[in-house]
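Observations on chain architecture
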Amino acid sequence: MQIEKFTVGTMEAKFAIDTKDLTKRYGNLIAVNKLNLKIGYGEVFGLLGPNGAGKTTIISMLCTIINPSSGSATVNGFDILRQPADVRRNIGIVFQDPSIDDRLTGRENLQLHACLYDMPADLTKQRIGEVLNLVGLEDRADSLMRTYSSGMRRRLELARGLLHNPRVLFLDEPTLGLDPQTREHIWTYIEELARRLKITIILTTHYMEEAERLCNRVAIIDYGEVKIVDTPTNLKSALKGDIISITTAKPAELATRLTELELAPHVDFSKDALRLTVQDAEKLIPKLIKIATEIGVEVNSVSIHHPTLNDVFLYYTGREIRAEEAESLARIYMMRRRRTR
């Protein structure tokens, strides 16, 4: 990707986001460990990982909601510790949790946001019309938020995040909890934002299809560390081959035997299945069944598929991505901060 340079104040910023050993600790817990990322202008960049991986903590540091324990970062050329007000003026945020007032209309929510950014009245009126048109909510602008569907609320939050013309837009799990049809609609809006506005979008998600569809590059994150960064296509093609999935009550025994025989360069297993990446998958399956029979392992099913981002995540982390534990300590801390502001 060609990176364009932008002039920011008196400095020249090559990257929209630039972090150096960015770290956040909560007591003995390391939520984010020495994060080093360079994200270009106009890029849609995905932070891919399960809940608890550190994605929200990363965004919260970059948005100056919480301070890092060590390391540094710049957003649009501004330092998150030394120039937090400048950072905030240059970013838009769509939080994972709902953050709009349902006692107000859509237009009133946007007007409130404009006041917080001290936008002139004439510019506010113009921008409210533009962002409402962008997310298709012109006809519901004066309806109370409590009458909006979940998808409409998410679209209004996108409009609010864009109201003050940010250079960088942070989307924290933008489609979490939405039904498949609404999620598809939100993806379409995000694609349109990236195409029309050319702003940098930082997206956190644990949905593989979301990362694959929307992102130019993704960082696979697990336990607060970046395992690898690349395009979705490159990450999948690097696995080289097809994935054979075998379900069985004894995956560990079969995985051990296949590893001993060196039939695949990489074998992973869970409590009831194992996966291996191989060439000529169809030709190898009869041999795998035979080996399983020889060691007394009953095979329940066998399937073949091309590598997915979930397979990539499994390869680099040794586990499947799943929405399980929340970033409890980080989330509690941030909620307390919001209440006291």
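As a starting point, this report considers the structure included with it. (Residues numbered from 1 in each chain as written. Predicted model: local features only at pLDDT ≥ 70, side-chain atom pairs only at ≥ 80, totals over all residues. Heavy atoms only, no water.)

1. Let's talk about the pairing of strand β14 (residues 242-248)
For the record, the criterion: Residue burial is assigned from relative accessible area. The probe radius is 1.4 Å, only protein chains are included, and a residue is buried under 20% of its type maximum, exposed over 50%, and partly exposed in between. The way it works is that DSSP assigns letters per residue, a run of H or I at least four long becomes a helix, a run of E at least two long becomes a strand, and they are numbered from the N terminus. At least two bridges found by DSSP between two strands are what make those strands a pair.
For β14, the tally of buried residues reaches five of seven residues, placing the bulk of the element in the interior. Here six bridges tie β14 to strand β16 (residues 273-278), and the two strands are oriented antiparallel to one another. The residue of β16 that forms the bridge with S245 is R275. Relative to strand β17 (residues 299-305), β14 runs antiparallel, the two being bridged by six bridges. Within the sheet, the bridge partner assigned to S245 lies in β17 and is S303.

2. Comments concerning the nonpolar core
For the record, the criterion: The term nonpolar core refers to a set of buried residues drawn from Ala, Val, Leu, Ile, Met, Phe, Trp, Tyr and Cys, joined through side-chain atoms within 4.5 Å. For this analysis, residues touch if any pair of their heavy atoms sits within 4.5 Å.
Core analysis: the largest hydrophobic core is formed by 44 residues, its most contacted members being L110, L156, L171 and I201. Setting aside chain neighbours within four positions, we find I201 in contact with E43, V44, F45, L169, L171, I190 and A194. Core analysis: the second largest hydrophobic core is formed by 33 residues, F45, A53, A73 and I202 among them.

3. Notes on the environment of D272
Its place among the elements puts D272 in the loop between β15 (267-269) and β16. Expressed as a C-alpha distance, the spacing of D272 and L309, which sit 37 residues apart in the sequence, is 21 Å.

4. Thoughts on the sheet that holds strand β6 (residues 44-48)
What links the strands of a sheet is backbone hydrogen bonding, and the strands pair in either a parallel or an antiparallel sense. Selection criterion: Here, axes are lines fitted to C-alpha atoms. For helices the fit covers the stretch in contact, and angles between N-to-C directions go from 0 to 180 degrees.
As summarised here, the arrangement of the six strands in space is β9-β10-β11-β6-β12-β13, forming an open sheet in which the pairing is mixed. Two strands in the sheet have a free side with no partner beyond their single neighbour: β9 (91-94) and β13 (225-230). Strand-to-strand twist in this sheet, taken as the mean axis angle between neighbours without regard to direction, amounts to 15 degrees. In terms of strand pairing, β9 meets strand β10 (residues 168-172) through four bridges, oriented parallel. Each residue of the ladder has a partner; that of I93, found in β10, is F170. Across the sheet, helix α5 (residues 150-162) is in contact with β9 and β10; its angle to β9 comes to roughly 165 degrees.

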